[in-house]
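Given next are the chains, with one letter for each unit.
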Amino acid sequence: MYEDKTLWAIIGPLATDNFIAQQDKSDREGSDVVIETAAGTQMSLSEFYEMKRRYMHRHLIDIAHTTPRDIDDVYASLNRMLEPPSGRVAETPEQYITDSTTRSTGNWGKILRNAFIAEGGTPGSYNPEAVLKVANRVHEALRKRYMGAGADHGD
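Residues numbered from 1 in each chain as written. Predicted model: local features only at pLDDT ≥ 70, side-chain atom pairs only at ≥ 80, totals over all residues. Heavy atoms only, no water.

1. As for the packing of aromatic side chains
- Inspection of every chain in the model, using the stated rule, returns three aromatic pairs.
- Taken together, a centroid distance of 4.6 Å and an interplanar angle of 35° make the contact between Y96 and W108 tilted. Taken together, the residues span a long stretch of sequence, with Y96 in helix α5 (residues 93-98) and W108 in helix α6 (residues 108-118) at a distance of twelve residues.
- The exposure class assigned to Y96 is buried, which follows from its relative accessible area of 19%.
- With a relative accessible area of 29%, W108 lands in the partly exposed category. (Phe/Tyr/Trp six-rings, centres within 6.5 Å; stacked < 30°, edge-to-face > 60°. Helix = DSSP H or I, 4+ residues; strand = E, 2+ residues; numbered from the N terminus. Buried < 20%, exposed > 50% of the residue type's maximum accessible area, 1.4 Å probe, protein only.)

This is the structure in structure tokens:
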């Protein structure tokens, strides 16, 4: 496995302190984080998933019932979320959940952080009122998406 640098980058082990540091960085930066692989390469999540997609094409193609489209469907969906071809990304919970042009795009962690700030919160502070306001916005967006706008559903 060590001889295959791409496989090593994809599934090779990280030192515990490196793994924890990257998790902490991901908590702060969400899907915008630049990762470092076990091979020492640094890349965006989108680049990482593209590397995995190409690797899967080279090595899974001979496995029964695995088609190139099966592989592409998984990774195209991930990359569309991270780097949509339109260049448009959601910036609010409502856009992320209900807007047909930006649904499931953007950095969900930053979207929630920015919504928390917009509702009066300060990152790192205890503000249950701001959290409740954001949770209610998410709830209303989900209601709109799955139950229709303005519908009274007995609650």
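2. Digging into the pattern of salt bridges
- Under the criterion given, the structure shown has eight salt bridges.
- Here D32 makes a salt bridge to K110, at a shortest N to O gap of 3.1 Å. Here D32 is found in the loop between α2 (16-29) and β1 (34-36), whereas its partner K110 is found in helix α6, with 78 residues between them in sequence.
- Exposure remark for D32: the relative accessible area of 45% places this residue in the partly exposed category. (Salt bridge = Lys/Arg side-chain N within 4 Å of Asp/Glu carboxyl O.)

3. Things to note about α2
- Between its first and last C-alpha, α2 extends 20 Å over 14 residues, near the 20 Å set by a 1.5 Å rise per residue.
- G30 sits one or two residues past α2 and shows a positive phi near 60°. (Expected span 1.5 Å × (residues − 1).)

It is worth stressing that arrangement in space is one thing and function is another; only the former is reported here.
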